Amino acid sequence: MRIDQQPRTRWVDQSAFQPRRPDLRLGSRSHRVDRLGAATGDRIAVQHTVRTTTAEYSLLLNAPEWLGRRGVGEALRDAVAELRAIDLTYGPTRPESLVSRLRRGEISPESYPPLADLVDRCAAMRAATDGWFDAWAVPGGFDPGGLLGGWAVERAAARLRAAGIHDYAVLSGADLVVRGHAAHGGPWRVAVHHPTDRHRAPLVLEMTAGAVGTSGVSGRRGHVVDPHTGEPADQLVAATVVGPDLAVADAYATALYAAGPAGLAWFRNGSDYRALFAHRR
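As the structure is a computational prediction, the values presented were derived from the model and not from experiment.

Chemist: Please provide a residue-by-residue account of the nonpolar core, values included.
Modeler: By size, the foremost hydrophobic cluster in this structure holds 63 residues, and its most contacted members are Leu 59, Tyr 90 and Leu 147. The biggest single contributor to this core is helix α6 (residues 246–259), with 12 residues. Leu 59 has contacts with Val 46, Gln 47, His 48, Val 50, Leu 76, Ala 79, Val 80, Leu 83, Ala 169 and Val 170, leaving out every residue within four places of it along the chain.

Printed below as a string of structure tokens:
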């Protein structure tokens, strides 16, 4: 059996990075896959894009040859089905979703184990961020939107691992999860662009396990609410966080966007998560 490595990220010196193009780019407009690359050795490289009603996802797989193309296709379909199911089943804007039914008091979180996990994660992040991420302090009641996208990607990634694929990247907007190695056999090379200054050189990461979560990169004002006042947060133009789990990184990024520079204190004292960008307006 293969056991996942501990999350590992290396910040690359820009001069050493120049001769090698990144595999993935995260920027202010959308993610971009620079190239899929040819698979090395006994590997099968696959790239697939899927759109749901709320997001677009890119899945890049570097699968072992023993799994076969049929096995890789089944694993991919399973991961895509998970993304579509979460969109349909948990979307807060869908009147009959589990989240909407929970808000109306028709069900309890314990009615469905994945819903209970989602609620528990939101409660944990509310505690971790001193209440700056609060899924209950939004108009209409419980809304896990700041964490839901990352949770969906992590659940889809778990489907890939269960099928025997341990080298992959899953991207959605300015968020991503990576594990293992890219098709060229090395770590995933990720260029994270500054959210507003397109002329600034990107921050380059080499990742074999980890996630990058971003809030505010769309440039829309008022989409994140200060949970303490109910007013739109407007201190930062964007916040980006890197760490082991995308659901947590997304929630931290949302909370940091709401709290402003005061939220940087969460990433001290040996935290597994780190703020990459937290820029004032």
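Chemist: Before we move on, can you summarise the environment of Arg 280 with the specific residues and values?
Modeler: Looking at the element boundaries, Arg 280 is found in strand β11 (residues 274–280). Given the relative accessible area of 57%, Arg 280 is considered exposed. Put simply, Arg 280 and Val 237 are 43 residues apart on the chain and 5.8 Å apart in space, counted from C-alpha to C-alpha. Once you skip the residues sitting within four places of it in the chain, Arg 280 turns out to touch Gln 235, Leu 236, Val 237 and Pro 261.

Chemist: Lay out the packing of helix α2 (residues 68–90) against helix α5 (residues 145–162) with the relevant residues and their values.
Modeler: The N-to-C vectors of α2 and α5 enclose an angle of 150°; their axes lie 8 Å apart at closest approach. Considering the angle they form, α2 stands roughly antiparallel to α5. As α2 runs across α5, the sense of the crossing is right-handed. Only Leu 148, Trp 151, Ala 152, Val 153, Arg 155, Ala 156, Arg 159 and Leu 160 of α5 make contact with α2, whose side of the interface consists of Ala 75, Asp 78, Ala 79, Glu 82, Leu 83, Ile 86 and Tyr 90. Tallied by class, the residues present in the contact of α2 with α5 amount to 11 nonpolar, no polar and four charged.

Chemist: Any chance you could break down the packing of aromatic side chains for me, citing the residues and the numbers?
Modeler: With the rule as written, the count across this model stands at six aromatic pairs. Geometrically, the ring pair formed by Trp 136 and Phe 142 is tilted, given 5.0 Å between the ring centres and 45° between the ring planes. Since its relative accessible area comes to 5%, Phe 142 is described here as buried. Taking the centre distance of 5.5 Å and the plane angle of 50° together, the rings of Tyr 252 and Tyr 273 count as tilted. Placement of Tyr 252 in helix α6 and of Tyr 273 in the loop between α6 and β11 is noted, with a sequence separation of 21 residues between them. An aromatic cluster is defined as three or more aromatic residues linked by ring pairs; in this entry it consists of Tyr 252, Trp 266, Phe 267 and Tyr 273.

Chemist: Residues and numbers for unusual backbone geometry, please.
Modeler: Positive phi is not limited to glycine here, since Asp 130 has a value of about 55°. Examined against the element boundaries, Asp 130 turns out to sit in the loop between α4 (113–128) and α5. On the accessibility criterion, Asp 130 (54% relative accessible area) is exposed. The backbone of Asn 269 shows a phi angle near 60°, a positive value even though the residue is not glycine.

Chemist: Quick one: what's the story with the pairing of strand β7 (residues 175–179), residue by residue and with numbers?
Modeler: Most of β7 sits out of view: five of its five residues are buried. Of the two faces of β7, the one holding Asp 175, Val 177 and Arg 179 and the one holding Leu 176 and Val 178 are both buried throughout. As paired strands, strand β6 (residues 168–172) and β7 are joined by five bridges and run antiparallel to one another. Bridging from a neighbouring strand, Leu 171 pairs with Leu 176 of β7. Connecting the antiparallel pair β6 and β7 is a turn made up of two residues, with Gly 173 showing a positive phi of about 60°. Here four bridges tie β7 to strand β9 (residues 203–215), and the two strands are oriented antiparallel to one another. Following the sheet pairing, Arg 179 is matched in β9 by Ala 209.

Chemist: Residues and numbers for the pattern of salt bridges, please.
Modeler: The tally for this structure, following the rule as stated, stands at 12 salt bridges. Its salt-bridge partner being Arg 51, residue Glu 56 comes within 2.9 Å of it at the nearest N-O pair. Put simply, Asp 78, Glu 82, Arg 155 and Arg 159 are held in one network by salt bridges that share partners.

Chemist: Summarise α4; cite the residues concerned and give the values.
Modeler: The end-to-end C-alpha distance of α4, which contains 16 residues, comes to 22 Å, matching closely the 22 Å that a straight helix rising 1.5 Å per residue would cover. If you check which residues of α4 are buried, you get Leu 115, Ala 116, Leu 118, Val 119, Cys 122 and Met 125. The inward-facing, buried residues of α4 contact α2, α3 (98–103), α5 and α6. The positive-phi residue at the C-terminal boundary of α4 is Asp 130, with phi of around 55°.

Chemist: Any details on the confidence of the model for the protein? Residues and values, ideally.
Modeler: Chain-level pLDDT for the protein is 86 on average; 85% of the residues reach the 70-or-more range. For the protein, per-element mean pLDDT is lowest for helix α1 (residues 14–17), which scores 46, and highest for α4, which scores 97. Here residues 34–38 is modelled with pLDDT under 50, and outside its nearest four sequence neighbours on either side it reaches 16 contacts, counting other chains as well.

Conventions we followed
- Residues numbered from 1 in each chain as written.
- Predicted model: local features only at pLDDT ≥ 70, side-chain atom pairs only at ≥ 80, totals over all residues.
- Heavy atoms only, no water.
- Core = buried A, V, L, I, M, F, W, Y, C linked by side-chain atoms within 4.5 Å.
- Buried < 20%, exposed > 50% of the residue type's maximum accessible area, 1.4 Å probe, protein only.
- Helix = DSSP H or I, 4+ residues; strand = E, 2+ residues; numbered from the N terminus.
- Contact = heavy atoms within 4.5 Å.
- Axes fitted to C-alpha atoms, helices over the stretch in contact; angles between N-to-C directions.
- Parallel < 35°, antiparallel > 145°, perpendicular 65-115°, else oblique.
- Left-handed = near helix turned anticlockwise from the far one by under 90°.
- Nonpolar A, V, L, I, M, F, W, Y, C, P; charged D, E, K, R; others polar.
- Phe/Tyr/Trp six-rings, centres within 6.5 Å; stacked < 30°, edge-to-face > 60°.
- Pairing = 2+ DSSP bridges.
- Salt bridge = Lys/Arg side-chain N within 4 Å of Asp/Glu carboxyl O.
- Expected span 1.5 Å × (residues − 1).
- pLDDT = per-residue confidence, 0-100.

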